[in-house]
Amino acid sequence: MKTATAETNKVSTLPLSDEAARVRDALIKHGLETPMIENGLSTEEKYQRIKAAFEDVVYTLGLDINDDSLSETPHRIAKMYVKEIFSGLDYSQFPKITVIENKMNVDEMVKVSDISFTSTCEHHFVTIDGLAKVAYLPKNKIIGLSKINRIVRYFGQRPQVQERLTQQVLVTLQTLLETDNVAVSINATHYCVKARGVMDASSSTQTTALGGLFKRSDKTRSEFLAS
Ligand SMILES: Nc1nc2c(ncn2[C@@H]2O[C@H](COP(=O)(O)OP(=O)(O)OP(=O)(O)O)[C@@H](O)[C@H]2O)c(=O)[nH]1
Ligand SMILES: [Zn+2]
């Protein structure tokens, strides 16, 4: 069975950026932080504990851990949790943000649609598959477009409920852009609804978080929600 190397599990080596620290503080202030505890475990320790736990799951299900297809599954899951699908629990992984001064005085809506992302439902630890739409009315700052997609994906890389994910993206952009005038809408399929439980293959869930003028002005809200 594969054992961890310093290389495979190197995740939390970057110092926290100023943006990441400001976003974390804003989420805490708004009561929107993911419920996390500081357990003092290093990335390597997290990997080792998750791997050991999944060896137990494989054994408990009565599967043969020595089979060549299964033997590395605990390693794969531990690596996937720590480095991939839950890497957004680590603020050192917050994307590098490029914000520029709004010297061109853009004051019309900037809207990014069809941002594809996946996340993981925190109730069942199965996939959420969604599209996000994000808009803002520029004030003093303009953000690099791809950074909006990266922010959605960063918060997707956590155990989530869709409502919190939507709000986290809203407050993050409000913090970075220094304006309340931000809107976020997410449409997603939850595999805990589709592939188990109620087994509904066609329903999807829409959540919306509106700030500033997007909430107060019918016209601005309609322009955002229109397409
Ligand atoms: N509001 C909200 N609920 C979610 C989200 N993801 C999953 N859920 C729901 O969380 C609920 C958990 O309900 P429980 O009754 O504790 O769990 P369960 O017995 O597995 O429920 P079923 O899914 O109905 O089989 C379910 O209704 C899920 O559909 C989400 O992002 N937002
Ligand atoms: Zn679920």
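Everything quoted here is computed from the prediction, not taken from an experiment. (Residues numbered from 1 in each chain as written. Chains lettered and ligands numbered in written order. Predicted model: local features only at pLDDT ≥ 70, side-chain atom pairs only at ≥ 80, totals over all residues. Heavy atoms only, no water.)

> How should I be thinking about the nonpolar core in this particular structure?
As a rule of thumb, soluble globular proteins bury nonpolar side chains together. Membership of the largest hydrophobic core comes to 36 residues, with the highest contact counts inside it found for Phe94, Ile151, Phe155, Val169 and Leu173. Elements that contribute at least two residues to this core include exactly α1 (18-29), β2 (110-121), β3 (127-136), β4 (141-143), α4 (145-156), α5 (162-177) and β6 (182-190). With seven residues, the top contributor of residues to this core is α5. Taken together, domain 1 (18-93) and domain 2 (99-226) each give at least three residues to this core, which thus spans both. What leucine 173 contacts, discounting residues up to four positions off in sequence, is Val134, Ile143, Ile148, Ile151, Glu178 and Val182. (Core = buried A, V, L, I, M, F, W, Y, C linked by side-chain atoms within 4.5 Å. Buried < 20%, exposed > 50% of the residue type's maximum accessible area, 1.4 Å probe, protein only. Helix = DSSP H or I, 4+ residues; strand = E, 2+ residues; numbered from the N terminus. Domains from an automatic or database assignment. Contact = heavy atoms within 4.5 Å.)

> How should the side chain of glutamine 174 be read in this particular structure?
By the element assignment, glutamine 174 lies in helix α5. Engagement of the side chain of glutamine 174 in a polar contact is seen with the backbone oxygen of aspartate 180, the distance being 3.0 Å. Not counting chain neighbours up to four residues away, the residues in contact with glutamine 174 comprise Thr179, Asp180, Val182 and Gly211. (Polar contact = N/O pair within 3.5 Å; in protein donor to acceptor, adjacent residues only side chain to side chain.)

> Would you explain the coordination of the zinc ion (ligand 2) in this entry?
Around a metal, the idealised angle for a tetrahedral arrangement of four donor atoms is 109.5 degrees; for an octahedral arrangement of six donor atoms it is 90 or 180 degrees. The zinc ion (ligand 2) binds to the protein through Cys121 (SG), His124 (ND1) and Cys192 (SG); the donor distances cover 1.9 to 2.3 Å. Sequence spacing of the donors to the zinc ion (ligand 2): C-x2-H-x67-C. For cysteine 121, a relative accessible area of 4% corresponds to the buried category. Given a relative accessible area of 36%, histidine 124 falls into the partly exposed group. (Donors = N, O, S within 2.8 Å, 3.2 Å for Na, K, Ca; no water.)

> Where do I start with the domain arrangement of the protein in this structure?
Note: interface size is frequently given as the accessible area lost on complex formation between the parts. The domains assigned to the protein are domain 1 (18-93) and domain 2 (99-226). For domain 1 and domain 2, the distance between their C-alpha centroids amounts to 24 Å. Each side of the interface is counted separately: domain 1 has 21 residues, and domain 2 has 16 residues. Roughly 1600 Å² of surface becomes buried between domain 1 and domain 2 when both sides are summed, with 64% attributable to carbon and sulfur atoms. Across the contact surface, domain 1 and domain 2 share one salt bridge. When the shortest N-O distance is used, the salt bridge between glutamate 33 and arginine 158 registers 2.9 Å. (Buried area = accessible area lost by both parts, 1.4 Å probe. Salt bridge = Lys/Arg side-chain N within 4 Å of Asp/Glu carboxyl O.)

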